[in-house]
Amino acid sequence: MKRIIWKTAAVAAVAALALTACSSGDSGDSEPTASSTGPDTSPVTLNFTWWGNDDRAARYNEALALFEEKYPYITVQTSFAAFPDYWTARSTEAAGRALPDVMQFDLSYLREFNQNGQLLDLQEWVDNGTIDLSGFDETLTKAGVLEDKMIGIPTSTNTFAMFQNPNVIEQTGATFPDEAEYTWEDYNEFIADVSGAGETTADGYALYGAVDYTGTFWFFIQWLLQKGITPFEDDGTFGFDEGDVTEFLDLTADLRADKAVFPVDRNVSLAPKGGFTVNETASEMSWDNFLAGYVADSGTPNLAMAQIPSIEPGEKALFFKPSMLLSSGANTEYPEQAATLINFLLTDPEVGKIFGTSKGVPADADQRAAVDTTEGSVDAQVIAYEEKVAEQVTESTPIPVKGFGTIEAKWRTLAEELAYGTLSVDEFAEQWFAEAELSTQ
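The numbering scheme is per chain: residues are counted from 1 as the chain's sequence reads. With the structure being a predicted model, the display of local features is reserved for residues of pLDDT at least 70 and the display and counting of side-chain atom pairs for 80 or more, all residues being used for whole-chain, interface and lining totals. Only hydrogens and water are set aside; all other atoms, that is, all heavy atoms of the structure, feed into the side-chain values.

As named in an unreviewed UniProt entry, the protein chain is Multiple sugar transport system substrate-binding protein, taken from Cellulomonas humilata.

### As for unusual backbone geometry
Using the following cut-off: A run of H or I in DSSP becomes a helix once it reaches four residues, and a run of E becomes a strand once it reaches two; helices and strands are each numbered from the N terminus.
Pro272 follows Ala271 through a cis peptide bond whose omega is 10°. Positive phi outside glycine occurs at Arg97, with the angle close to 50°. Non-glycine residue Asp148 carries a positive phi angle of around 60°. Structurally, the position occupied by Asp148 is in the loop between strand E4 (145-146) and strand E5 (149-150).

### Describing the packing of helix H2 (residues 54-70) against helix H14 (residues 335-347)
To keep things clear, this is the line we draw: Axis geometry follows a simple rule: fit a line to the C-alpha atoms, using only the stretch in contact for helices, then measure angles between N-to-C directions, giving values from 0 to 180 degrees. With respect to orientation, any angle under 35 degrees is reported as roughly parallel, any angle over 145 as roughly antiparallel, any angle of 65 to 115 as roughly perpendicular, and every other angle as oblique. Left-handed describes a crossing in which the near helix is turned anticlockwise from the far one by less than a right angle; the clockwise case is right-handed. Any two residues whose heavy atoms approach within 4.5 Å are treated as being in contact. Only Asp, Glu, Lys and Arg are considered charged in this grouping, and only Ala, Val, Leu, Ile, Met, Phe, Trp, Tyr, Cys and Pro are considered nonpolar; every other residue, Gly among them, is considered polar.
Contact geometry for H2 and H14: axes closest at 11 Å, N-to-C directions at 125°. On the basis of the axis angle, H2 is oblique to H14. For the pair H2 and H14, the sense of crossing is right-handed. Counted together, Tyr60, Ala63, Leu64, Leu66, Phe67 and Lys70 of H2 and Thr340, Leu341, Phe344 and Leu345 of H14 form the full contact between these two elements. Taken together, the residues of the contact of H2 with H14 sort by class into 8 nonpolar, 1 polar and 1 charged.

### Considering the pairing of strand E2 (residues 74-81)
Formally: Here, any two strands with at least 2 DSSP bridges between them count as paired. Crossovers are described as right-handed under a simple rule: with the strands pointing away from the observer, the path leading from the first strand over the helix to the second runs clockwise.
Here strand E1 (residues 44-51) runs beside E2; their pairing, made up of 8 bridges, is parallel. Each residue of the ladder has a partner; that of Asn47, found in E2, is Gln77. Read from E1 through H2 to E2, the crossover connection turns out right-handed.

### Brief notes about the pattern of salt bridges
Operational definition: Any carboxyl oxygen of Asp or Glu within 4 Å of a side-chain nitrogen of Lys or Arg constitutes a salt bridge here. Here's how the labels work: a residue is buried when its accessible area is under 20% of the maximum for its type, exposed when over 50%, partly exposed in between, all with a 1.4 Å probe on protein chains only.
Summed over all chains, the structure comprises 9 salt bridges. With a closest N to O distance of 3.5 Å, Lys321 and Asp106 form a salt bridge. In this pair, Lys321 sits in strand E11 (residues 321-322) while Asp106 sits in the loop between strand E3 (102-105) and helix H4 (110-115), placing the two residues 215 residues apart along the sequence. Its relative accessible area of 5% is what places Lys321 among the buried residues. Note on Asp106: relative accessible area 8%, which makes it buried. When the shortest N-O distance is used, the salt bridge between Glu280 and Arg266 registers 2.6 Å. Note that Glu280 is positioned in the loop between helix H12 (264-270) and strand E9 (283-287) and Arg266 in helix H12, a separation of 14 residues in sequence. When salt bridges with common partners are traced through the structure, they connect Lys227, Asp244 and Glu247 into a single cluster.

Printed below as a string of structure tokens:
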């Protein structure tokens, strides 16, 4: 299977991650080291956790059942949560040096957890063959390297897509604009058309064009790239100011005023699902690997993907983001067994079949080759989408600043207040920058 991720733009994007490092405090604890006497088969129990929905949980449970068959001396205890709750729990565990043995990790949080030596350096387990990265492109594995430590290994890659619910669009009589050329203004008109149609679900809930996309920080980053602005400088400072924040928030000011975006109170009540996954909105922008989860949660098999809108017609300024990574807590008592589990989840072909592209396009060659690409399948759609937008991937992956997780969460909280009408866009920008100055120091 030919993978577009290794095109020049994507290679440069991931390689750029390896060029940035941050200062790191010494925890004073020595990390576990690889054994030279062969694998330890004494019975152990590992804690493994991830964020995601029930669909992802079912896939993990299926994969872990295979793992325990192959390694009967390792028992895996599991847990998962919605994304915001997940990081609250990890922060609490990190404070007590009690992180799980293995966990899903996100690029946005690597810097802050690395600073206090909270994550295990996996390089030793790569060097001794416990973790096999021969099927990975070297530039991609560098995405999880900070301070010369391999503290995370990417499982997959993804980029932004606009998801559509054809059933809602047809019911409301709206027409989605030309995906190759449409602008944010064109998308706003589509949202208004769907929301203004006055149609409802069978349960009586009103149909809307979309949630307010300005409430997601990553979409702001994508918009900045379309403006030609580098979101984060090499020295860890921002490349944008309060004026950029208010300009972005003002994109949907009229939609908010006209109550043409999905109601915030309804959205909060549906969490961790949302308007799109309960078939009450016509569209939603997100990472392309969300298709499998969206289909599973919504029960709507004919969901479609289109390109995202742009400031200038046709100039998308997309980037490939290393999807979730796998990491291990430096406090683990079983580093060898943790590395064994990580290797299995990263490289076993059967795991590739189980997950497909639900976590992004697999990073390992054998897992990519194992993905079912039957015409019309979810996995085939995701791979076809990335192939279609490959020429639009022109930007390097933005390197998150220290404290990114905190400022991303703050953006989300302020967006809810903005939606409720309890603060203005100027107050949003002022409060967000105040939080950002503290979080990134």
